[in-house]
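What the coordinates show
Now for the letters of each chain:
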Amino acid sequence: MWQISVHVRELSHATHWPSAIDGMDHRHTSARMERALIIGASGGIGSALAEHLKSDGVTVDGLSRSVDGLDVTDEASVQSSLGALDGPYDLVVVATGALVVDGHHPEKSVRHVTAQGLADQFAVNAMGPMMLLKHGMRLLPKDRPAVFAVLSARVGSIGDNQLGGWHSYRAAKAALNQLMHGAAIELGRTHKHATLVCLHPGTVATDFTARYAAHHKTVPATEAADNLLRVIGGLTPDKSGGFFDYAGQEIPW
Ligand SMILES: NC(=O)c1ccc[n+]([C@@H]2O[C@H](COP(=O)([O-])OP(=O)(O)OC[C@H]3O[C@@H](n4cnc5c(N)ncnc54)[C@H](OP(=O)(O)O)[C@@H]3O)[C@@H](O)[C@H]2O)c1
């Protein structure tokens, strides 16, 4: 685990809201964010989030598979990595995920779906974040606002799916959304000021999309991090359990 400690100041990106979250009581943005945990800090978006927070004066802890040996598909690994941390964190972001696991690429057709490919997708994109929440909830404060944000994907929206394909990844992210939605209800009982959300970061130029984004407009990871932190900064507990994009717009389930 690496840690960057710098002096604390208020987040600077909480000035205006171009989104459905406009008009909300920005309690979280006005609070001082002192400590954040980025899980998946080695990834394109995770590392950009960590750098952005660091430049905002937040003390950032990062956890990742390549640096710390955290494997989100192994509950014992999750338990041991998170068990070594002391909270509370004002912000926890789960930025882990994979589109291709063990050579299983996103399927263009039902004919390409395999049981193993489905299982692998669920393990990394749905069960992994759920285990991180299970063992990470204790790191959130109970007496003040905090956000636990999980990177999902718009393609996990059932209501928004007009194209088909990418069956396993879509289904795993849909399962992730359901798991977080249900968990948010429970979290609200013990952590009344906490907000648990699924966020779509946009189509971001990272290793994740390198092979698939050729025909899509991408944004740099730094821009995605800026957008996500703006959305996170405007969240309040009444939005807990929601699914929002990088502009703060609610995405249909
Ligand atoms: N990029 C996009 O356009 C886009 C769009 C929609 C949603 N998302 C979501 O955003 C998240 C991050 O994407 P990204 O673009 O930043 O991807 P990335 O650059 O490929 O980073 C993926 C991260 O996940 C980690 N990871 C993968 N499998 C893991 C495992 N079994 N255990 C622990 N860590 C694991 C990687 O760890 P190591 O590198 O250390 O192995 C890395 O930190 C993903 O959930 C993705 O679904 C991305």
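A brief look at the structure comes next. (Residues numbered from 1 in each chain as written. Predicted model: local features only at pLDDT ≥ 70, side-chain atom pairs only at ≥ 80, totals over all residues.)

1. Here we look at the overall build of the protein
Each helix and strand counted, the protein has seven helices and nine strands in total. Residue burial in the protein is summarised as follows: out of 253 residues, 47% are buried. (Helix = DSSP H or I, 4+ residues; strand = E, 2+ residues; numbered from the N terminus. Buried ≥ 20, exposed ≤ 12 C-beta atoms within 10 Å, placed from the backbone.)

2. Notes on helix α7 (residues 221-233)
In this model α7 runs 18 Å from its N-terminal to its C-terminal C-alpha over 13 residues, within 8% of the 18 Å that 1.5 Å per residue would give. Where burial is concerned, most of α7 is hidden: ten out of the 13 residues are buried. Within the sequence span of α7, burial applies to Ala221, Ala224, Ala225, Asn227, Leu228, Leu229, Arg230, Val231, Ile232 and Gly233. (Expected span 1.5 Å × (residues − 1).)

3. Observations concerning the site of the ligand
Gly43, Gly44, Ser66, Gly97 and Phe208 are the nearest of the 28 residues found near the ligand. Elements represented by at least two residues in the shell around the ligand include exactly α2 (44-55) and α3 (65-68). Of the residues forming the shell around the ligand, the biggest block, three residues, is contributed by α2. Grouping the amino acids of the shell around the ligand by side-chain chemistry returns eleven nonpolar, 14 polar and three charged. (Near = placed C-beta within 6 Å. Nonpolar A, V, L, I, M, F, W, Y, C, P; charged D, E, K, R; others polar.)

4. A look at unusual backbone geometry
Residue Pro88 is reached from Gly87 by a cis peptide bond, and omega for that bond is -5°. Tracing the backbone through its elements, the reader meets Pro88 in the loop between α4 (75-83) and β4 (91-94). Even without a glycine there, the phi angle at Asp102 is positive, about 50°. Structurally, Asp102 can be placed in the loop between β4 and α5 (115-136). In this model, Trp166 sits at a positive phi of 50°, which is unusual for a non-glycine residue. Here Trp166 lies in the loop between β5 (146-151) and α6 (167-190). Judged by the 21 C-beta atoms lying within 10 Å of it, Trp166 falls in the buried class.

5. What about α4?
Burial in α4 covers these residues: Val78, Ser81 and Leu82. All buried residues of α4 lie within an arc of 90° about the axis, which places them on one face of the element. In α4, the exposed positions that point more than 90 degrees away from the buried face belong to Ala76 and Gly83. Tucked into the core, α4 has its buried residues touching β3 (59-63), α3 and α5. (Arc of directions from axis to C-beta. Contact = placed C-beta atoms within 7 Å.)

6. Regarding the pairing of β4
In β4, alternate side chains face the same way, and those of Leu91 and Val93 on one face and Val92 and Val94 on the other are all buried. The pairing of strand β2 (residues 35-39) with β4 spans four bridges and is classified as parallel. The residue bridging Ile38 from the neighbouring strand is Val93, located in β4. Pairing geometry for β4 and β5, over four bridges, is parallel. Considered in β5, the bridge of Val93 is made with Ala149. Assessed by its sense of winding, the connection that carries the chain from β4 through α5 to β5 is right-handed. (Pairing = 2+ DSSP bridges. Right-handed = clockwise from strand over helix to strand, strands pointing away.)

7. Describing the pairing of β2
Most of β2 is tucked away: five of the five residues are buried. Residues Arg35, Leu37 and Ile39 of β2 are buried on one face, and the alternating residues Ala36 and Ile38, pointing to the opposite face, are buried as well. As paired strands, β2 and β3 are joined by five bridges and run parallel to one another. What sits directly across from Ile38, in β3, is Gly62.

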